[in-house]
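Fold and contact review
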Amino acid sequence: MSSGIQFPEPYRDISRKIIHIDMDAFFSSVEERDDPRLKGKPVIIAKHPHQTGGKGIVSTANYEARKFGVHSAMSAFEAYERCPHGVFVSGNYEAYREASAQIRNIMLRYTDLVEPMSIDEAYLDVTNNKKNIPSATVVARMIQRDIWKETKLTSSAGVSYNKFIAKIASDQQKPAGLTVIIPDEAEGFLRQLHVEEFPGVGPKTAQRMHELGIYTGDDLYQLEQMELIRLFGKAGMSYYKKIRGIDNKPIRIERERKSVGKEHTYFKNLYSETEVLTQLQRLADEVMNALVRHGKKGKTVVLKVRYHSFETITRRVSGNRHVQASDDIYEYAEELWAELGDAEKGIRLLGITVSNLEEAEHVQIPLF
Ligand code: TTP
Ligand code: MG
């Protein structure tokens, strides 16, 4: 149904050459490189659940272990159930940091426009690169080759005219893949994807879309702008543009993360102390996981509580040393909860953030 309201068609900038590089099974590839005994075995980066009493989260798993359904952010216990013969390795964070820095330096030889997204992934704008190479595909191949030569690690690259498409492209042919999407192919490429392959569409949004009968990019493409905004608010506007291959966001060199946090809204309010503490433990695990992923460390823990009444409170506490493990985060969060929490009022949302961040350069952070 036409709404009658007209929007100007958004502008599609196709003048840039963007590369997205993402390392393949990064933490486990570093481990396999450094310990040949791991070759050919399923490798899971997490402390063995027998050591931790079942706690802990998987940072990543190599492709062998993924065949058994093991993946990042899964509990180590579940990973063990799915792949009991897997080799559990509690990560060597310093080695990952070092490889990440090496990779960043390789990229900087080609362009200063490098935007790191996490410890193993970055966008590069190579429209005008330091080597004066006109083809972004050639640049991508050279960077992948340099990374291999200098770190003995494989990476996958996506090449296109914007960040959004380059990111999806880098995921298409892992490991050691290179996927190029030229402007003429972009719309066709995006329309045949499943919505869950779109960066920014998490499991919840994907489910919501499925309920609305939206399964593929093409289903999304058929919806009018007004309709998408009605269904998804501000994000709807972004879907409208993205499915048409429009994403004009520039590479941001100074992407300094100020904090890493997670929050959950509960479908049913929490009313018991035990439930709250269980959820805080889970959030602490997730936040620690995210800190590791971004190569960051921090000293301040912030707890956010939203009550049934929508009253929202945040409180922070700072230690004099960096949080080292999810238990440290949990302890701070529990302390804050004891001060300000009142489960009887009904908890709608809980969130934990770690701020006051620095690069986790010289510290060994145990991975749970
Ligand atoms: P990813 O690039 O998401 O995963 P990956 O490199 O292991 O595998 P892929 O080949 O699919 O890219 O994340 C990079 C690293 O960040 C990963 O090796 C471990 C860490 N990480 C976590 O610690 N927790 C997480 O939840 C995720 C997703 C990653
Ligand atoms: Mg990766």
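Criteria and cut-off values
- Residues numbered from 1 in each chain as written.
- Chains lettered and ligands numbered in written order.
- Predicted model: local features only at pLDDT ≥ 70, side-chain atom pairs only at ≥ 80, totals over all residues.
- Heavy atoms only, no water.
- Donors = N, O, S within 2.8 Å, 3.2 Å for Na, K, Ca; no water.
- Tetrahedral: all angles 85-135°; square planar, octahedral: opposite > 155°, others 65-115°.
- Buried < 20%, exposed > 50% of the residue type's maximum accessible area, 1.4 Å probe, protein only.
- Pairing = 2+ DSSP bridges.
- Helix = DSSP H or I, 4+ residues; strand = E, 2+ residues; numbered from the N terminus.
- Axes fitted to C-alpha atoms, helices over the stretch in contact; angles between N-to-C directions.
- Contact = heavy atoms within 4.5 Å.
- Phe/Tyr/Trp six-rings, centres within 6.5 Å; stacked < 30°, edge-to-face > 60°.

Regarding the coordination of the magnesium ion (ligand 2)
Distances from the magnesium ion (ligand 2) to its protein donors, D22 (OD), M23 (O) and D120 (OD), fall at 2.0 to 2.2 Å. Coordination at the magnesium ion (ligand 2) is octahedral, judged from the 6 donor atoms that bind it and the angles of 80 to 178° they form at the metal. Donor residues binding the magnesium ion (ligand 2) come from one chain and are separated in sequence as D-M-x96-D. M23 shares its class with D22; the two are buried.

What to know about the sheet that holds strand 5 (residues 114–118)
Pairing in this open sheet of 5 strands is mixed, and the strands run 5-6-1-7-8 from one edge to the other. The sheet terminates laterally at strand 5 and strand 8 (178–180), the two strands that pair on one side only. Within this sheet the neighbouring strands show an average axis-to-axis angle of 15°, counted without direction. Both strand 7 (residues 155–160) and strand 8 contribute to a ladder of 3 bridges, which runs parallel. Residue pairing across strands places A157 opposite L178, the latter belonging to strand 8. Here helix 7 (residues 163–170) sits on the sheet and contacts strand 1 (18–23), strand 5, strand 6 (121–125), strand 7 and strand 8; the angle it forms with strand 7, its principal contact strand, is near 145°.

Points about the packing of aromatic side chains
The geometry of an aromatic ring pair is captured by two quantities: the separation of the ring centres and the angle between the planes. Evaluation of the coordinates by the stated rule reveals 7 aromatic pairs. Seen in terms of ring centroids, F26 and Y96 are 6.4 Å apart; in terms of plane orientation they differ by 55°. Their pairing is tilted. Residue F26 is located in helix 1 (residues 26–34), and its partner Y96 is located in helix 5 (residues 93–108); the two are separated by 70 residues in the primary sequence. Of the two residues examined, F26 and Y96, each falls in the buried class.

So, the sheet that holds strand 4 (residues 87–89)
Strand order in the open sheet formed by 3 strands is 3-2-4, with mixed pairing between adjacent strands. Taken across any chain shown, the strands that pair with only one partner, and hence form the sheet edges, are strand 3 (60–61) and strand 4. As judged from the 3 bridges shared by strand 2 (residues 43–45) and strand 4, these two strands associate in the parallel manner. The residue bridging V43 from the neighbouring strand is V87, located in strand 4. Strands in contact with helix 1 are strand 2, strand 3 and strand 4; relative to strand 2, the strand with the most contacts, it is inclined by about 120°.

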